[in-house]
Amino acid sequence: MESILFHGSNKIISNPTKAGGKVHNDFGQGFYCTPDIELAREWACTETPTAFANHYSFEPSYTLEVCNLSGPDYHVLNWLAVLMVNRVFETSHGIPAAIKKYIIQEFLPDLSGYDVIRGYRADDSYFQYSNLFLSGTISLEELSRAMRLGNLGEQVFLKSEKAFEALVFTSAEIVDRDVYLAKRLARESKARDAFQKIKHGPEVFDGIFAIDVYRNKMKNDDPRLR
């Protein structure tokens, strides 16, 4: 676990709290950071005119339990199940709704004992990829490859009171919004272009699709998912 983290925002956040985060976010309500200062600068650039990269360190006396959803103990359906219980997916009925229910039932990891969660950041592109998988447009393999496109980045999510107690604000820097908004848009554009090549590639009909997961009643320990 990194000792230095960053958070991009339109304001200085010297005292982050769990209640300050959005309820319907990737891993739930909490505080989202990154160990990459460049990503924090990019993520700070939104529609508002101000942008800050907040710097934090962890108090070394705290030992935190960390779950890495991008690590070898998990696969992309674990990440997707967590996303499904926190973000809003338009699957009110029919087969996609049944698939969503099954993925949550079979692949949702127990995160209750962790202080910190690491995993892919579901920005607009990632969220679109997830919806395409759920609707049967892309395969699981294509979704897994899409997660790594354009180096869109992983995030570090603080969820427990212990994690917030260990986090220490050290400084905040003003981000040049013109520079880093352009970098952010270029990174996302690169990822979208690369995804189109995957989506229309020769293996478009190969692999495991969402309906296969549901129809074959695949389980979390199925080696085909890794």
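Small disclaimer: the values here were computed from a predicted structure and weren't measured. (Residues numbered from 1 in each chain as written. Predicted model: local features only at pLDDT ≥ 70, side-chain atom pairs only at ≥ 80, totals over all residues. Heavy atoms only, no water.)

Peer 1: Mind showing me how you'd approach the pattern of salt bridges here?
Peer 2: It is possible for side chains bearing opposite charge to pair when their charged atoms get close. Summed over the entire model, instances satisfying the criterion amount to 8 salt bridges. Between Glu38 and Lys183 there is a salt bridge, with its nearest N and O atoms 3.5 Å apart. With Glu38 in helix α1 (residues 37-43) and Lys183 in helix α7 (residues 177-199), this pair connects stretches of sequence that are 145 residues apart. Classification of Glu38 by relative accessible area gives partly exposed; the value is 25%. The exposure class assigned to Lys183 is partly exposed, which follows from its relative accessible area of 37%. Among the salt bridges present, the one from Glu173 reaches Arg41, with a minimum N-O distance of 2.9 Å. Placement of the pair is Glu173 in strand β7 (residues 167-174) and Arg41 in helix α1, with a sequence separation of 132 residues. Sharing partners across several salt bridges, the network here consists of Glu38, Arg41, Glu173 and Lys183. (Salt bridge = Lys/Arg side-chain N within 4 Å of Asp/Glu carboxyl O. Helix = DSSP H or I, 4+ residues; strand = E, 2+ residues; numbered from the N terminus. Buried < 20%, exposed > 50% of the residue type's maximum accessible area, 1.4 Å probe, protein only.)

Peer 1: Help me understand the pairing of strand β3 (residues 52-58) in this model?
Peer 2: Both faces of the sheet carry side chains from a regular strand, because those side chains alternate between them. Of all 7 residues in β3, 7 are buried, a share of seventy percent or more. Direction of pairing for strand β1 (residues 4-9) relative to β3: antiparallel, over a ladder of 6 bridges. Pairing of Phe6 across the sheet is with His55, part of β3. Sheet analysis places β3 next to β7, joined by 7 bridges and oriented antiparallel. Bridging from a neighbouring strand, His55 pairs with Ser171 of β7. (Pairing = 2+ DSSP bridges.)

Peer 1: Hey, could you run me through helix α3 (residues 94-107) in this one?
Peer 2: Residues separated by three or four positions in an α-helix point in the same direction, a consequence of the helix having 3.6 residues per turn. Taking 1.5 Å per residue, 14 residues should reach 20 Å; α3 reaches 20 Å between its end C-alpha atoms and fits that length. For α3, every residue scored as buried is listed here: Ile99, Lys100, Tyr102, Ile103, Glu106 and Phe107. Projected down its long axis, α3 shows its buried positions confined to an angular sector of 165°, all on one face. When the buried face of α3 is taken as reference, the exposed residues oriented beyond 90 degrees from it are Lys101 and Gln105. (Expected span 1.5 Å × (residues − 1). Arc of directions from axis to C-beta.)

Peer 1: Would you explain the packing of aromatic side chains in this entry?
Peer 2: Given two aromatic rings, their pairing is described by the distance between the two centres and the angle made by the two planes. Enumeration according to the criterion identifies 8 aromatic pairs in this entry. For the ring pair Phe27 and Phe157, a centre distance of 6.0 Å and an interplane angle of 65° mean the geometry is edge-to-face. Of this pair, Phe27 sits in the loop between β1 and β2 (31-33) while Phe157 sits in strand β6 (residues 154-158); the two residues are 130 residues apart in sequence, bridging distant segments of the chain. By relative accessible area, Phe27 is classed as buried at 7%. Taking the relative accessible area as the measure of exposure, Phe157 reaches 1% and is therefore buried. Following the ring pairs from residue to residue traces out a cluster consisting of Phe27, Tyr32 and Phe157. The residue whose ring lies beneath Lys217 is Tyr102, and the NZ or CZ to ring-centre distance is 5.6 Å. Positioned over the ring face of Tyr214 is Lys217, at 4.2 Å from the centre of the ring. (Phe/Tyr/Trp six-rings, centres within 6.5 Å; stacked < 30°, edge-to-face > 60°. Lys NZ or Arg CZ within 6 Å of the ring centre and 35° of its normal.)

Peer 1: Explanation requested: the nonpolar core in the structure shown.
Peer 2: Inside soluble globular proteins, nonpolar side chains tend to come together where they are buried. Ranked by internal contacts, the top residues of the largest apolar core, which has 38 residues, are Leu77, Trp79, Leu80, Ile103 and Phe133. Those elements giving two or more residues to this core turn out to be α2 (76-86), α3, β5 (116-120), α4 (124-134), α5 (140-146), α7 and α8 (210-215). Looking at this core, the element that brings in the most residues is α2, giving 8 residues. In terms of nonpolar packing, the next biggest core, distinct from the first, is built from 14 residues, Ile13, Cys33, Val116 and Ala166 among them. (Core = buried A, V, L, I, M, F, W, Y, C linked by side-chain atoms within 4.5 Å.)

Honestly, that's just the spatial picture; any functional story needs more than this.
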